[in-house]
Amino acid sequence: MKYTVNEKGYYGEFGGAWIPEMMYTNIEELKTRYLGIIESEEFRNEFDKLMKDYVGRPSPLYYAGRLSEHYGSNIYLKREDLNHTGSHKLNNTIGQILLAQKLGKTRIIAETGAGQHGVATATVCALKGIKCVVYMGALDVSRQAPNVKKMKMLGAEVVPVHSGNKTLKDATNEAMRDWINNPEDTHYIIGSVVGPHPYPDMVARFQSVISKEMKSQLLEQTGSELPTRVLACVGGGSNAAGAFYHFLDDEQVELIGVEAAGKGVDTNETAATLTVGSPGVLHSARTMLMQTEDGQIIEPYSISAGLDYPGIGPLHAHLHKTGRAKFLAATDEEVLQSVLLLTQKEGIIPALESAHALAALDKIKMNPDDVNVVNLSGSGNKDMETYLNYFGY
Amino acid sequence: MNNRINQLFESKKENIFSVYFTAGFPRLGDTVKIIQELEKNGVDLIEIGMPFSDPTADGPTIQRSSEVALKNGMSLKLLFEQLKDIRQSVNIPLILMGYLNPVYQYGMEAFCQKCAEVGIDGTILPDLPLDEFDAEYRKYYEAANLHNVLLITPQTSEKRIRQIDEASAGLIYMVSSSSTTGAGKKVEDFHQDYFERVQNMNLKNPRLIGFGISDQPTFVNACKYAQGAIIGSAFVTAIKDSVNLEKDIATFVKSIDPGR
Ligand SMILES: Cc1ncc(COP(=O)(O)O)c(C=O)c1O
């Protein structure tokens, strides 16, 4: 495989484990043990069983007939929104909670932006009876009240983070500080393909179930396991990593990642890291970052709390650099129109994040016979307030 | 020329008093004054904090001082500008402490050259791990006669401590406990067994103990187990509203070590 991580944790020039010594023992343990654990038969069996009976996998690959007609091409939706808790995030947290148990950890920490990863983490902690602490920017706590309440009901402690701009980046900083202060009993469940090696690879492996299912579903529905292209939204990049994973070496399959342009990539209210960013080191990975000339991190903006991260997983930085994947950006405005289009053409209300991938359908050239797979990473339930306010229903 | 860090540890074997402060805090222009006053009051070594927007190894005090310093307009370029004549008035070793990304944007080679030019003796960059340092950056440090100070913690294995000792040429920064930076600890909060274990390893490099050292008892205790100790958050707090740095710095130094 050309696009997998090397033994030092790099995708080309991106990745690595730029960790302070205080995290060395934990990262070293993960690094040396994660593959042995997650590739063991016992782990696979447990993981697969939970994926099927608890998450509700395989998620359907749905041929969106009226949307296809609208675009004059074939559009398939990979329905990650139908997973338990309403997004792809649970694929990763199930994997990591099983891993944490094998490592003998008794306390889980996580960061969350919109609250989807926080809910997915609190869910698996309830499932396994493990103590759970979720860090969330104070601003997001007030913006995403229903998810905060959900996490609490699931038994998690939600800690509002008041440092920095009080959003996802600051929650991630605080989770790392917690890990430094609790190095023995705690596992940090990172919510995307970001952070130090081996997280990007580990999370991508857990999410790779998405493209594995796509292949067999496509074979059944179209006669070929390879589509023309796969589209996914990219915040940190975990749903995109999962949707791309098993197609990475099938170079004829076009891979399209869609970042959040916010109010536009030429404004300073954007989260389109690959468009406006440059290489640097944040959260223990060398990757593309939104930063000033002096190397200070710039706070991103997007209408979708799940995409406003100033970095991007090193895998995507590499796919961008090598040209293996193409990255576009969709504005808030474009995204909201795509939300309404899918809702009224197919009766599916998508998450704001996922609608970024849908918005890209207006930006690319599609032939009538093309097979386009859009990874519908999550459900719009969490975004109803935004939708109702914007559309005025 | 011998590095000032090595000169210090050759001439002084105990009670080395080291202070961290954040450049650009409380006011943008305080950097040189703080350094001069610390030296005047008998401090042995200074760590100049390069503020970063995302200081993941720091507790609330240094998070806040970094935030203020950045708001005040501090940057690495400006810091070097402020320090350009520092060796005309200050003789003790100076170490730059911060996070990798601002240095990475400045360019590691240019950074090391600039350090040599203004008279910086070492750096502490917690998120620059040893293997990456060796692979990419050691050559620039050596050319600039600059030491990269590495950290050890209570979790660091004996094997790794030996490896870090082997890779170090100035001093080892011993993180006092499993924690981010911050004051408020008492002597009994520290694991003396960790201090003793490392003390008995007979490392070739001298050690300074830092993180959580904040007052006379914790300073004196740390000095029993290492050549000296580093005080950060407590000093940052002591000067945070200072309108008279001269007086407040003298008072602070005396409060830690009345003999200075
Ligand atoms: C539904 C949904 N999709 C996508 C994302 C973005 O994360 P990633 O880029 O890791 O898939 C989130 C994050 O909260 C999300 O909730």
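Sequence order as written defines the numbering, with residues in each chain counted from 1. Ligands are numbered from 1 and chains lettered from A, in the order in which they are written. Reporting in this predicted model follows two pLDDT cut-offs: at least 70 for local features of residues, and 80 or more for side-chain atom pairs to be given and counted; totals over whole chains, interfaces and linings ignore these cut-offs and use all residues. Hydrogens and water are ignored here; the side-chain numbers use all heavy atoms of the structure.

All names here are of chain B. Most of strand E1 (residues 16-22) is tucked away: seven of the seven residues are buried. Alternating positions in E1 separate into two faces, Ile16, Ser18, Tyr20 and Thr22 on one and Phe17, Val19 and Phe21 on the other, with burial throughout. Here a strand pair is declared whenever DSSP counts at least two bridges between the two strands. A run of DSSP states H or I qualifies as a helix once it reaches four residues; a run of E qualifies as a strand once it reaches two. Both are numbered from the N-terminal end. Across four bridges, E1 lies against strand E9 (residues 228-231) in parallel orientation. Across the sheet, phenylalanine 17 pairs through a bridge with alanine 229, a residue of E9. Two strands pair when backbone bridges link them, and E1 and strand E2 (residues 45-49) are joined in this way by five bridges, in the parallel orientation. Across the sheet, residue serine 18 finds its bridge partner in E2, namely leucine 45. We call a crossover right-handed when, viewed with the strands running away from us, the connection from the first strand over the helix to the second turns clockwise. Once you follow E1 into helix H2 (residues 31-40) and on to E2, the crossover reads as right-handed. For each residue, the accessible area found with a 1.4 Å probe, counting protein chains only, is set against the maximum for its type, and the residue is called buried under 20%, exposed over 50%, and partly exposed in between.

The next point concerns the sheet that holds E2(B). Read from one edge to the other, the open sheet built from nine strands follows the order E5-E4-E3-E2-E1-E9-E8-E7-E6 (chain B), with strand pairing classed as parallel. The two strands at the open ends of the sheet, each matched to only one other strand, are strand E5 (147-148) and strand E6 (150-152) of chain B.

Moving on to the state of the cysteines. By disulfide we mean two sulfur atoms from cysteines, separated by a distance within 2.5 Å. Under the definition given, this model contains zero disulfides over all chains. Take Cys125(A): it sits in no disulfide, and the sulfur closest to it among the cysteines is that of Cys132(A), at 3.8 Å. For Cys115(B), which is in no disulfide, the shortest distance to another cysteine sulfur is to Cys112(B) and amounts to 6.1 Å.

Further remarks concern the interface of chain B and chain A. Contact criterion: two residues are considered in contact whenever any of their non-hydrogen atoms come within 4.5 Å of each other. Contacts between chain B and chain A engage 39 residues on the former and 36 residues on the latter. Counting the surface chain B buries against chain A, the share from its top three residues, Asp54(B), Thr56(B) and Gln155(B), is 19%. Basic side-chain nitrogens of Lys or Arg form a salt bridge, by our definition, when they fall within 4 Å of a carboxyl oxygen of Asp or Glu. Joining chain B to chain A, the criterion identifies four salt bridges. Of all the secondary structure elements, the ones that give two or more residues to the side of chain B that touches chain A are helix H3 (60-72), helix H4 (76-82), helix H5 (100-106), helix H7 (130-143), E6 and helix H8 (158-167) of chain B. Looking at the side of chain B that touches chain A element by element, the count peaks at five residues for H5(B). Residues are sorted three ways: Asp, Glu, Lys and Arg are charged, Ala, Val, Leu, Ile, Met, Phe, Trp, Tyr, Cys and Pro are nonpolar, and all the rest, Gly among them, are polar. Split by residue class, the side of chain B that touches chain A holds 19 nonpolar, twelve polar and eight charged. Two parts placed together each lose some accessible area under a 1.4 Å probe, and the buried area is that loss summed for both.

Residue and element names in this part refer to chain A. Around the ligand, 17 residues are found, and the nearest of them are Ser192, Gly235, Gly237, Ser238 and Ser377. Nitrogen and oxygen atoms within 3.5 Å of one another constitute a polar contact, given that in protein one can donate a hydrogen and the other can accept it, and given that sequence-neighbouring residues count only through two side-chain atoms. Between the ligand and serine 238, the relevant distance is 2.6 Å, taken from an oxygen atom to a side-chain nitrogen or oxygen of the residue. One of the side-chain N or O atoms of asparagine 239 is found 2.8 Å from an oxygen atom in the ligand. Throughout, the Shrake-Rupley method with a 1.4 Å probe supplies accessible areas, and for residues the shown protein chains are the sole cover considered. Contact with the protein chains hides 96% of the accessible area of the ligand, taken as 400 Å² for the molecule alone. Partitioning the shell around the ligand into residue classes produces four nonpolar, eleven polar and two charged. Throughout this document, a residue counts as near a molecule or strand when at least one of its heavy atoms sits within 4 Å of that molecule or strand.

All names here are of chain B. The geometry of helix H6 (residues 108-118) relative to H7 is characterised by a closest axis approach of 9 Å and an angle of 25° between their N-to-C directions. One finds that H6 runs roughly parallel with respect to H7. When you trace H6 past H7, the crossing you get is right-handed. Contact residues: Met108, Glu109, Phe111 and Cys112 in H6; Tyr137, Tyr140 and Tyr141 in H7. Across the contact of H6 with H7, the residue classes tally to six nonpolar, no polar and one charged. Angles run from 0 to 180 degrees between N-to-C directions of axes, and those axes are lines fitted to C-alpha atoms, restricted for helices to the stretch in contact. Angles below 35 degrees are treated as roughly parallel, those above 145 as roughly antiparallel, those between 65 and 115 as roughly perpendicular, and all remaining angles as oblique. Crossings are assigned a handedness: left-handed for a near helix turned anticlockwise from the far helix by less than a right angle, right-handed for a clockwise turn.

Let us look at the side chain of Arg177(A). Tracing the backbone shows Arg177(A) in helix H8 (residues 168-181). Judged by relative accessible area, which is 4%, Arg177(A) ranks as buried. Separated by 2.6 Å, the side chains of Arg177(A) and Glu174(A) make a polar contact. Side-chain polar atoms of Arg177(A) contact the backbone oxygen of Pro55(B), separated by 2.9 Å. Sequence-distant contacts of Arg177(A), defined by excluding residues within four places in its chain, comprise Ser163(A), Pro55(B), Thr56(B), Asp58(B), Gln63(B) and Thr180(B).

In this description, an aromatic ring pair is defined by two values, namely the gap between the centres and the angle between the planes. Residue and element names in this part refer to chain A. Ring pairs are drawn from Phe, Tyr and Trp, using the six-membered ring of Trp, whenever the two centres fall within 6.5 Å, and their geometry is named by plane angle: stacked under 30 degrees, edge-to-face over 60, tilted for the rest. Inspection of every chain in the model, using the stated rule, returns 20 aromatic pairs over all chains. Seen from their ring centres, phenylalanine 43 and phenylalanine 206 are 6.1 Å apart, and the 25° between their planes marks the pair as stacked. Here phenylalanine 206 lies in helix H9 (residues 199-207) and phenylalanine 43 lies in helix H2 (residues 41-55), a separation of 163 residues in the sequence. On the basis of relative accessible area, phenylalanine 43 is assigned to the buried category, the value being 1%. Phenylalanine 206 sits in the buried class, given a relative accessible area of 3%. Arranged with centres 5.9 Å apart and planes meeting at 75°, the rings of tryptophan 179 and tyrosine 188 form a pair that is edge-to-face.

Moving on, we get to the environment of Pro198(A). Tracing the chain through its elements places Pro198(A) in the loop between strand E8 (186-188) and H9. Pro198(A) has contacts with Ile27(A), Leu30(A), Lys31(A) and Tyr34(A), leaving out every residue within four places of it along the chain.

Moving on, we get to the nonpolar core. Only buried Ala, Val, Leu, Ile, Met, Phe, Trp, Tyr and Cys residues count toward a nonpolar core, and they belong to the same one when joined by side-chain atoms within 4.5 Å. Leu38(B), Ile48(B), Leu96(B), Met108(B) and Phe111(B) are the most contacted members of the largest nonpolar core, which totals 150 residues. Sequence-distant contacts of Met108(B), that is, excluding residues within four places in its chain, are made with Leu100(B), Val103(B), Leu125(B), Leu128(B), Tyr137(B), Tyr140(B) and Tyr141(B). Ranked by size, the runner-up nonpolar core spans 35 residues in total, among them Phe14(A), Ala204(A), Leu218(A) and Leu255(A).

All names here are of chain A. Pairing is mixed across the open sheet formed by six strands, whose spatial order is E3-E4-E14-E9-E10-E13. Two strands in the sheet have a free side with no partner beyond their single neighbour: strand E3 (61-63) and strand E13 (325-331). The mean angle between the axes of side-by-side strands here comes to 25°, regardless of whether they run parallel or antiparallel. In this sheet, E13 lies alongside strand E10 (residues 254-262) in parallel orientation, the contact comprising seven bridges. Directly across from glutamate 259, in E13, lies its bridge partner alanine 329. Relative to the sheet, helix H15 (residues 352-359) contacts strand E4 (74-79), strand E9 (229-233), E10, E13 and strand E14 (371-376), its axis offset from that of E9 by approximately 145°.

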